[in-house]
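Listed here are the chains, written in short residue letters.
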Amino acid sequence: MSGLRPVVLSGPSGAGKSTLMKRLMKDHEDVFGFSVSHTTRNPRPGEEDGKDYHFTTREAMEEGISKGEFIENAEFSGNMYGTSKAAVEDVLAKNLICILDVDIQGVKRIKETDLNPIYISIQPPSMEILEKRLRDRQTETEESLQKRLEAARIDMELSKEPGVFDIVIINDDLERAYEELKDILNEVSKRIK
Ligand SMILES: Nc1nc2c(ncn2[C@@H]2O[C@H](COP(=O)(O)OP(=O)(O)O)[C@@H](O)[C@H]2O)c(=O)[nH]1
Ligand SMILES: Nc1ncnc2c1ncn2[C@@H]1O[C@H](COP(=O)(O)OP(=O)(O)O)[C@@H](O)[C@H]1O
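Here the structure is a predicted model, which means the values were calculated and not measured.

(A) How the structure looks around the site of ligand 2. Taken together, 14 residues lie around ligand 2, and Gly-14, Lys-17, Ser-18, Thr-19 and Asn-171 are the ones closest in. Within the backbone of Ala-15, one N or O atom sits 3.2 Å away from an oxygen atom of ligand 2. Take Asn-171: an N or O atom from its side chain is 2.8 Å from a nitrogen atom of ligand 2. Elements with a contribution of two residues or more to the shell around ligand 2: helix 1 (17-27) and helix 5 (127-137).

Dropping the structure here:
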């Protein structure tokens, strides 16, 4: 096992986790590796199976869970999501810092494991801006958008509980939020230039 501490990125859908994480991975591909989760939701245009997610069925995922192949799993907006043990082990085997993108349920489940990551919450400046970003992203139906906004309200409340996150980053200006994320990770790893 690698001694590098993993990083959990969480926060409401539409807060900017993927945008920040993809940029970080592009700029520092020799430092970070993404834990590719499983999900039963449909791929979006441009998403690659095995890279963005392992797209799967509920039956296959339930079977994997029952075999103990998952560190954690959760139901979000009508779909299953989960982190397999293999997803994390693949990254650690390459001696990279493992980045996990999970919802607040995943955060709570991971806290029960011995993964010992640093927990970072990415938050939008406001609900109004979050809704605008989700609408502009054009990935959701009105129904899935409303489910995400409802989950976001719950996420924003739970994230305020003391001790849940080590750091909270407000993603207002993307450049500033990215610099803040890099500064924090720099303290964890001296490998980011
Ligand atoms: N618990 C858990 N949540 C996950 C996992 N992978 C993704 N998520 C979360 O599922 C939610 C929905 O993700 P997604 O469908 O990609 O939508 P998006 O966040 O709007 O881009 C987000 O809050 C993710 O952080 C996982 O493996 N476990
Ligand atoms: N700081 C920002 N300012 C404006 N738009 C942003 C910002 N950060 C992200 N976005 C946009 O908001 C949308 C949601 O971001 P995304 O990274 O998909 O969020 P998440 O992965 O948390 O669901 C995307 O269309 C993205 O381009």
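There is more to say after this.
(B) Examining the site of ligand 1 more closely. In the vicinity of ligand 1 lie 18 residues, with Ser-13, Arg-41, Tyr-53, Tyr-81 and Asp-101 positioned nearest. Residue Asp-101 places a side-chain N or O atom 2.6 Å away from an oxygen atom belonging to ligand 1. The contact in question runs from an oxygen atom of ligand 1 to an N or O atom on the side chain of Arg-137, over 2.7 Å. For ligand 1, whose unbound accessible area comes to 570 Å², protein coverage reaches 97%. Of all the elements in the fold, those that place two or more residues in the shell around ligand 1 are strand 5 (70-76) and strand 6 (79-84).

(C) Quick look at the sheet that holds strand 6. Taken in spatial order, the 4 strands of this open sheet run 4-3-6-5, and their pairing is mixed. Of all the strands in the sheet, the pair left with one neighbour each is strand 4 (54-55) and strand 5. Where strand 3 (residues 38-39) lies against strand 6, 2 bridges are found, and the strand directions are antiparallel. In the sheet register, His-38 faces strand 6, and the bridge partner there is Gly-82. Contacting strand 3, strand 5 and strand 6, helix 2 (residues 58-66) runs over the sheet at an angle of about 40° to strand 6.

(D) Representation of the nonpolar core. Of all hydrophobic cores here, the largest spans 21 residues; its most connected members are Leu-9, Ile-120 and Leu-181. In terms of residues, this core owes the most to one element, helix 7 (residues 174-188), which gives 5 residues. In this structure Leu-9 touches Lys-17, Met-21, Ile-99, Leu-100, Asp-101, Val-102, Ile-120, Ile-122 and Leu-181, once residues within four positions along its chain are discounted. With 16 residues, the next largest nonpolar core counts Val-88, Val-91, Leu-96 and Ile-104 among its residues.

Cut-offs and rules
Residues numbered from 1 in each chain as written. Chains lettered and ligands numbered in written order. Predicted model: local features only at pLDDT ≥ 70, side-chain atom pairs only at ≥ 80, totals over all residues. Heavy atoms only, no water. Near = heavy atom within 4 Å. Polar contact = N/O pair within 3.5 Å; in protein donor to acceptor, adjacent residues only side chain to side chain. Helix = DSSP H or I, 4+ residues; strand = E, 2+ residues; numbered from the N terminus. Areas by Shrake-Rupley, 256 points an atom, 1.4 Å probe, with all protein chains shown as cover. Pairing = 2+ DSSP bridges. Contact = heavy atoms within 4.5 Å. Axes fitted to C-alpha atoms, helices over the stretch in contact; angles between N-to-C directions. Core = buried A, V, L, I, M, F, W, Y, C linked by side-chain atoms within 4.5 Å. Buried < 20%, exposed > 50% of the residue type's maximum accessible area, 1.4 Å probe, protein only.

Taken by themselves, the reported measurements are silent on function.
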